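Summary of structural features
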Amino acid sequence: MKSEEIMDICMRRGFLFPSAEIYGGVAGLWDYGPLGTRMKNSWEHLWRKHFLSLSSNFHEISTTNILPKEVFEASGHLESFNDALAECSSCHSRFKADQLIEENLKISSEGMNLEEINKIIGDNDLKCPQCGGDLSVKFYNLMFGLKLGAGKTTKEAYLRPETAQGAFLAFKRSFKTLRNKLPLGLAMIGKAFRNEISPRQGFYRLRELHQAELQIFFDPANINEHEDFESVENKKLRMYSIEDRGKEIRKVKCGDLDLPKFYLYYMVKIQDFYLETLGLPRKMFRFRELDEKERAFYNKLHWDFELNLESLGGFKEMGGIHYRTDHDLSGHQKVSKENLMVNINGKKFIPHVLELSFGVDRNFWALLDLEYEKEERTILKLPKNVAPYYCAVFPLMKKEELAKKAKEVYNLLLNEFSVMYDDTGSIGKRYRRQDEIGTPFCITIDYDTLEDDTVTLRERDSMEQERAKIEKLGELLNKKD
RNA sequence: GCGGCUGUAGUGUAGUGGUUAGCACAUGGGCCUGCCACGCUCAUGACCCGAGUUCGAAUCCCGGCAGCCGCACCA
C-alpha cells in the first residue's frame, strides 16, 4: 500500500490526524483518532499479553515523562544527543564541529561551550571543507529541555527521549519490592520525545512517539542460558547479518546461531509476536544486524527487527533487541552515588540489561501497510484482536421494529466485544465500510429475526454469510477468534 | 535546516485576475420487505495562513505553515 493511500484512509476514517491541524499542523506531531486509538490500545494489549507472560517476574510499570538533568548525564544522552554542528554559510553543508576541530587542530573540543567552539574555529580560521566558506556552529539538541518551578529555584529537566531510563531509575526499588529475583523484567508502554531536526516519511519519524519496551535485568554470568531454551532451539529465525547484506534473508535454526542463548530466546519470542500473534506474512519480517557505526556505543549486541513496507520503500525498523550491558545502571550508580548492585546468594554485581524496544507508532503504521488490500474491495485484513471493532450490527433497513431488535443485539454483544452500530445507507455500503476499517464480522437483523431470533453473520475476508441464533452469537464469535 | 515541486468541501479534482467557485465519490436526513459500495430524493460542506499589487486575488508577488522528492540529520 502506498503511503498516501494509507494516510487518506487514516484521515477519512479516523485513525490518524495531524496534531493541531486547524493551526496548520506541526511536522512530526500526530493524533490518534477514535479508530486509531482503539487499534493502538489493542496492539498494546497484545504486546503486554505476549511479553509479560514470558516470565512470572516480568512486570509493567509506568514512570514519568519528565526527568531531571542528572538522569541524562548518567545515561550519556546529554553528551550524545547534543551535537555541535558547523554549518557553511555559503554552501550549507554541515559537519560535526568536534570532528573538524579534532582533525584540523588535533585537540579535543569536549566540554567546550558554543562560544568557545566558535572562537576556536574563528581563531584558527577553519573554513568549509567543501567550498571554503565561513562556518558557524550551533548546538542541535535532540532532547526537549524544560525548567521545573519558577524564579531562582528552577531545576533543569528534559522530556525523556526513551522510556527505558524510567525502568533503570525504578530498578532498585522494583528489585526489592519483587523480592530480589533475577531475571527481572520491567516493561513500559509510554511516550518518548525527540526534537527531530526534520521529521519525515509521514508517521515514521515523530517528535512525540510511543514506545513499548521491556528491560530485562539479569546476571551476566548466565547470558548463555535460558530455562526454556529447549522450547525454541529448533525454531528458525529470519536473519540478515552484516555479512548477509546485499544477499537474501537466511532462515537459521536458533540452536545453530552464534549468539547467547538468553538473547536468542527473546529473538524467537519477538519473531513469534509478529508471525504468530499478529499473523503477518513471514517474508516481510527479518532481524537485521547493525554495524558498529549504526549502533550505540554501549550496545554490545544489537539486532533490529524490521518489516518490509511498501509505503516506506522497503524494510523498516520496528524495534530493536539491545544488549545494553551494565551501561545504564553503572552510569546511574556513578552519578547518583546510589548503590545499584544486587546481592544474590552472596554474589554482588550490577545486573546487565537486555532491552526489547518497540516503536508503537511504527508498528501501528506497519499493520495498516501490510494488511490493506485494495482490489475490487478495500479490506483492512487486521488480525481480529487488533481491529478497532470486533463486529458491527445492522438493521437491514431503518425500520423501527428492525432497529429496536438490532439495538438489543448490539447491547447484548457490547458486554463482550467492541461493537459498532450502523443503520445508514444501503446494506452493501455498510458492509464495505466495515471492510475498510477492518471489522471482522457484521451481523444483520432482518424480518426473519423478529420471527425466529436468527441473524445473518457475515465474515470480512470471505464475505460468507451464515444464519445464527442470537443466543449463540457470543459463543460463535469467540470460537471464530 | 538547505534546494526543487505542491497546497480548492472529508477524499480526488475543474477553474490561471471579475464564476451563485463546477463535478465525482464520501457524509447527513427522508423514502424503499430490502443482504455486498455505482436504488430514488433532499441537504450540509472548500479556495492553507498572513501581508502586498490591483477598482477587484482561489488565480499575480512576498513571507509563514504543511506535504512530497533530493541533500543533511536520525546517540
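Residues numbered from 1 in each chain as written. Chains lettered and ligands numbered in written order. Predicted model: local features only at pLDDT ≥ 70, side-chain atom pairs only at ≥ 80, totals over all residues. Heavy atoms only, no water.

**A short note on the side chain of Glu-306**
Among the secondary structure elements, Glu-306 is positioned in strand β15 (residues 301-309). Side chain to side chain, Glu-306 and Arg-286 meet in a polar contact 2.7 Å long. If near-sequence neighbours (up to four positions away) are discounted, Glu-306 is found in contact with Met-284, Phe-285, Arg-286, Arg-288, Phe-315, Lys-316, Glu-317 and Met-318. (Helix = DSSP H or I, 4+ residues; strand = E, 2+ residues; numbered from the N terminus. Polar contact = N/O pair within 3.5 Å; in protein donor to acceptor, adjacent residues only side chain to side chain. Contact = heavy atoms within 4.5 Å.)

**Describing the packing of aromatic side chains**
In total, this model carries 33 aromatic pairs according to the counting rule given. Ring centres of Tyr-32 and Phe-364 lie 4.9 Å apart, and the angle between their planes is 90°; on these two criteria the pair is classed as edge-to-face. In this pair, Tyr-32 sits in strand β2 (residues 30-32) while Phe-364 sits in helix α10 (residues 360-371), placing the two residues 332 residues apart along the sequence. In terms of burial, Tyr-32 and Phe-364 fall into one category: buried. Look at Phe-203 and Trp-365: their rings are 6.2 Å apart centre to centre, the planes differ by 45°, and that puts the pair in the tilted class. (Phe/Tyr/Trp six-rings, centres within 6.5 Å; stacked < 30°, edge-to-face > 60°. Buried < 20%, exposed > 50% of the residue type's maximum accessible area, 1.4 Å probe, protein only.)

**Examining the protein's contact with RNA strand B**
By nearness alone, 42 residues border RNA strand B, and Met-397, Arg-432, Arg-433, Asp-446 and Tyr-447 come closest of all. Among all atoms of RNA strand B positioned within 4 Å of the protein, those belonging to sugar or phosphate total 42%. In this structure, a base nitrogen belonging to RNA strand B sits 3.5 Å away from a side-chain N or O atom of Tyr-298. When contributions to the surface near RNA strand B are tallied by element, the ones reaching two or more residues are α1 (3-13), α4 (77-80), β5 (82-88), β6 (94-96), α12 (427-436), β25 (454-459) and β26 (465-469). At six residues, α12 tops the list of elements feeding residues into the surface near RNA strand B. Tallied by class, residues from the surface near RNA strand B come to 12 nonpolar, 12 polar and 18 charged. (Near = heavy atom within 4 Å. Nonpolar A, V, L, I, M, F, W, Y, C, P; charged D, E, K, R; others polar.)

**Focus on the sheet that holds strand β23 (residues 419-421)**
Across the sheet, which stays open at both edges, the five strands sit in the order β23-β22-β24-β25-β26 with mixed pairing between neighbours. Looking at the sheet topology across the chains shown, the edges are occupied by β23 and β26. This sheet shows a mean twist of 25° between the axes of neighbouring strands, independent of strand direction. Docked against the sheet, α12 engages β22 (391-395), β23, β24 (441-445), β25 and β26, running at close to 170° with respect to β22. (Pairing = 2+ DSSP bridges. Axes fitted to C-alpha atoms, helices over the stretch in contact; angles between N-to-C directions.)

**A closer look at the sheet that holds strand β8 (residues 145-148)**
The antiparallel open sheet is built from three strands, whose spatial order is β4-β9-β8. One side of each edge strand has no neighbouring strand; the edge strands of this open sheet are β4 (66-68) and β8. Across this sheet, the average inter-strand angle for adjacent strands is 40°, counted without regard to direction.

**Observations regarding the pairing of strand β16 (residues 314-325)**
For a regular strand, side-chain orientation follows a simple rule: the groups alternate between the two sheet faces. Judged by how many residues are buried, β16 sits mostly within the fold: 10 of 12 residues are covered. As paired elements, β15 and β16 share nine bridges and run antiparallel to each other. What sits directly across from Leu-301, in β16, is Tyr-323. Once β15 ends, the chain turns through four residues before running back antiparallel as β16, passing Gly-313 with a positive phi of about 75°. Note that β16 and strand β19 (residues 352-359) share six bridges and pair antiparallel. Residue pairing in the sheet places Gly-319 in a bridge with Phe-358 of β19.

**Some points on the domain arrangement of chain A**
Partitioning chain A into structural domains gives domain 1 (2-78 + 145-371), domain 2 (82-141) and domain 3 (391-479). In this complex, domain 1 contributes six residues to the contact, which on the side of domain 3 involves four residues. When the two sides are added together, the surface that domain 1 and domain 3 hide from each other amounts to roughly 450 Å², 53% of it contributed by carbon and sulfur. Considering only the surface of domain 1 that becomes buried against domain 3, Arg-13, Leu-35 and Arg-38 emerge as the three largest contributors, covering 70% of it. For the pair domain 1 and domain 3, the interface holds two salt bridges. Those elements giving two or more residues to the side of domain 1 that touches domain 3 turn out to be α1 and α2 (34-52). (Domains from an automatic or database assignment. Buried area = accessible area lost by both parts, 1.4 Å probe. Salt bridge = Lys/Arg side-chain N within 4 Å of Asp/Glu carboxyl O.)

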